[in-house]
Amino acid sequence: HHHHTTNDDFPAAAAAAAMFSGLRTRLFGSGADGAAGGESKGKDVPADFTLPPPIPVAITLSEEEHGELCRRLGEAGTGGGAGAAARFEALLATELTEAHQEFKDDKIFAADSRIKKMRLFLGRLLEAGGGTLPAGVKEELMGVWRKRVSANELCNRITKEVERGRKFLEILESDEGWCLSHKSKKMTAYWREEKGADTFSFKVAGVVSSCILNLIPLLLETHLFPQWFPMMTHSEEIASLSRFHKIVRSEMGMPFPLRQREVIIDGRGWDAMEHNRIVVTSSSIESHPEHEIPSCPEDKVRVDIKIGGFELIPIDDNRTYVTIVQNLNPHIPYIPSRIINFFLESVVGKLLPAMEKHSKFKKGSPYLAAMAKRAETYNYIERRFHETKKMRASAT
């Protein structure tokens, strides 16, 4: 019964013939050219544009924010006689309601930041009241936090999701170890082997001459992925968990003698427009607490995407800086150079041009009908886009 193993695409002799890392030089050249000079930075941004700063990892509480929370804490005790813990709990409840709504709207960084700011605020209350707060009140305040936040399932989910998003951004923003695969006028593609894991990553970054609002449907209309995603033959939504959070099953055709690949993706769009970007993360899953995940058909091999996704940054109304990163385990023990080169050229190298071509929505494009069906969502996205654009303009 050898169809149960995922490694039956090549005879064992070939596997013995060469190991993955030994292939490195043959496959892609030494990679030294990519590492030399500023090459490996991989930020091929147009001269007239500066990338916005990354989404901050360390959350801080400004004096202004602290003052505002103090003011609201004072107002929270409407009875005047309300104790410190009761007032803090009322304020925390309001903030958590906001955070949970942000989470529902896929503004996960915002939700996480809101909760962390409240934790910093609590820390300052405890410090400031150091000498004056009775021990019992300290304990009560910590008790409120434990009950409302530490023991709250949704708060824990927010923390876990944010970790996933940050891990993706860390790979995306890191400059270490990438080897140049190929470079054209509008984009650069890189690859790297991940140490201690049987995975490799690729990254492609460049300018797509389309408005960010035109690129969102390409990522949101998951059933239409095969329209633009190279080699993808089929894609279907298994479940919709929120406006921008989907479970999707996709199939890729492979060159002979490989079997078709399939992947089940937990894909999520992160509304980080306050930070002038949209992030999409995807990881493959084998099971889900609330949804039935179909098993892999015998004639296919399931691919394992550890973490991958997109980052879209608007340059202006007609250009978007797009970065795509995938870290995957293709389940092939020995990968012949022609297969990897084929993959890098025919999939990775074609992603950005394909996005540009299909985001023009020419007459008869299946996207027009799909977008009409989901008008409410697209109106919402457009509102968010203009709202945050205005907000950023007034901030500078």
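Residues numbered from 1 in each chain as written. Predicted model: local features only at pLDDT ≥ 70, side-chain atom pairs only at ≥ 80, totals over all residues. Heavy atoms only, no water.

### Some thoughts on the confidence of the model for the chain
Note that predicted coordinates carrying low pLDDT should not be read in detail.
And step 1. Looking at the chain as a whole, its pLDDT mean stands at 84, while 84% of the residues score no less than 70.
And step 2. Low pLDDT (under 50) marks residues 1-42, which in the prediction has 63 contacts with non-local residues, meaning those over four places away or in another chain. (pLDDT = per-residue confidence, 0-100. Contact = heavy atoms within 4.5 Å.)

### Observations regarding the pairing of strand β2 (residues 187-193)
And step 1. Counting buried positions over the seven residues of β2 gives seven, a clear majority of the element.
And step 2. Where burial is concerned, the two faces of β2 agree: the one with Met187, Ala189, Trp191 and Glu193 and the one with Thr188, Tyr190 and Arg192 are both buried.
And step 3. Across four bridges, the pairing between strand β1 (residues 179-183) and β2 is antiparallel. Within the sheet, the bridge partner assigned to Cys179 lies in β2 and is Trp191.
And step 4. Hairpin connection between β1 and β2: a loop of three residues separates the two successive antiparallel strands.
And step 5. In this structure, β2 lies alongside strand β3 (residues 200-208), joined through seven bridges in antiparallel fashion. Counted as the bridge partner of Thr188 is Ala205 from β3. (Buried < 20%, exposed > 50% of the residue type's maximum accessible area, 1.4 Å probe, protein only. Helix = DSSP H or I, 4+ residues; strand = E, 2+ residues; numbered from the N terminus. Pairing = 2+ DSSP bridges.)

### A few points about the pairing of strand β10 (residues 319-329)
Side chains on a regular strand alternate between the two faces of the sheet.
And step 1. For β10, a buried count of ten out of eleven residues is recorded, marking the element as mostly surrounded by other parts of the structure.
And step 2. Two elements, β3 and β10, share nine bridges in a ladder whose sense is antiparallel. Bridging from a neighbouring strand, Val207 pairs with Tyr321 of β10.
And step 3. One ladder, built from eleven bridges, connects strand β9 (residues 304-316) with β10; its direction is antiparallel. Residue pairing in the sheet places Phe310 in a bridge with Ile324 of β10.
And step 4. The hairpin formed by β9 and β10 contains two residues between the paired strands.

### Details of the environment of Ala272
And step 1. By the element assignment, Ala272 lies in strand β6 (residues 260-272).
And step 2. For Ala272, a relative accessible area of 2% puts it in the buried group.
And step 3. Considering only alpha carbons, one finds Ala272 and Thr388, 116 residues apart in sequence, at a separation of 9.6 Å.
And step 4. With residues near it in sequence (within four places) discarded, Ala272 still touches Ile55, Phe109 and Arg277.

### Thoughts on the pattern of salt bridges
And step 1. Applying the stated criterion to the full structure yields 33 salt bridges.
And step 2. Of the charged contacts, one joins Arg277 and Glu311 as a salt bridge, the two residues approaching to 2.8 Å between their closest N and O atoms. A residue pair is termed long-range when its members are at least 10 positions apart, and Arg277 in strand β7 (residues 277-284) and Glu311 in strand β9 qualify at 34 residues.
And step 3. Because the salt bridges share partners, they merge into one network encompassing Glu236, Arg249, Glu251, Glu262, Glu286 and Arg302. (Salt bridge = Lys/Arg side-chain N within 4 Å of Asp/Glu carboxyl O.)

### A few points about the side chain of Asn276
And step 1. Inspection of the secondary structure puts Asn276 in the loop between β6 and β7.
And step 2. Taking the relative accessible area as the measure of exposure, Asn276 reaches 14% and is therefore buried.
And step 3. A polar side-chain atom of Asn276 sits 3.0 Å from a polar atom in the side chain of Arg392.
And step 4. Dropping the residues within four chain positions of it, Asn276 is found in contact with Pro52, Leu312, Ile313, Pro314 and Arg392. (Polar contact = N/O pair within 3.5 Å; in protein donor to acceptor, adjacent residues only side chain to side chain.)

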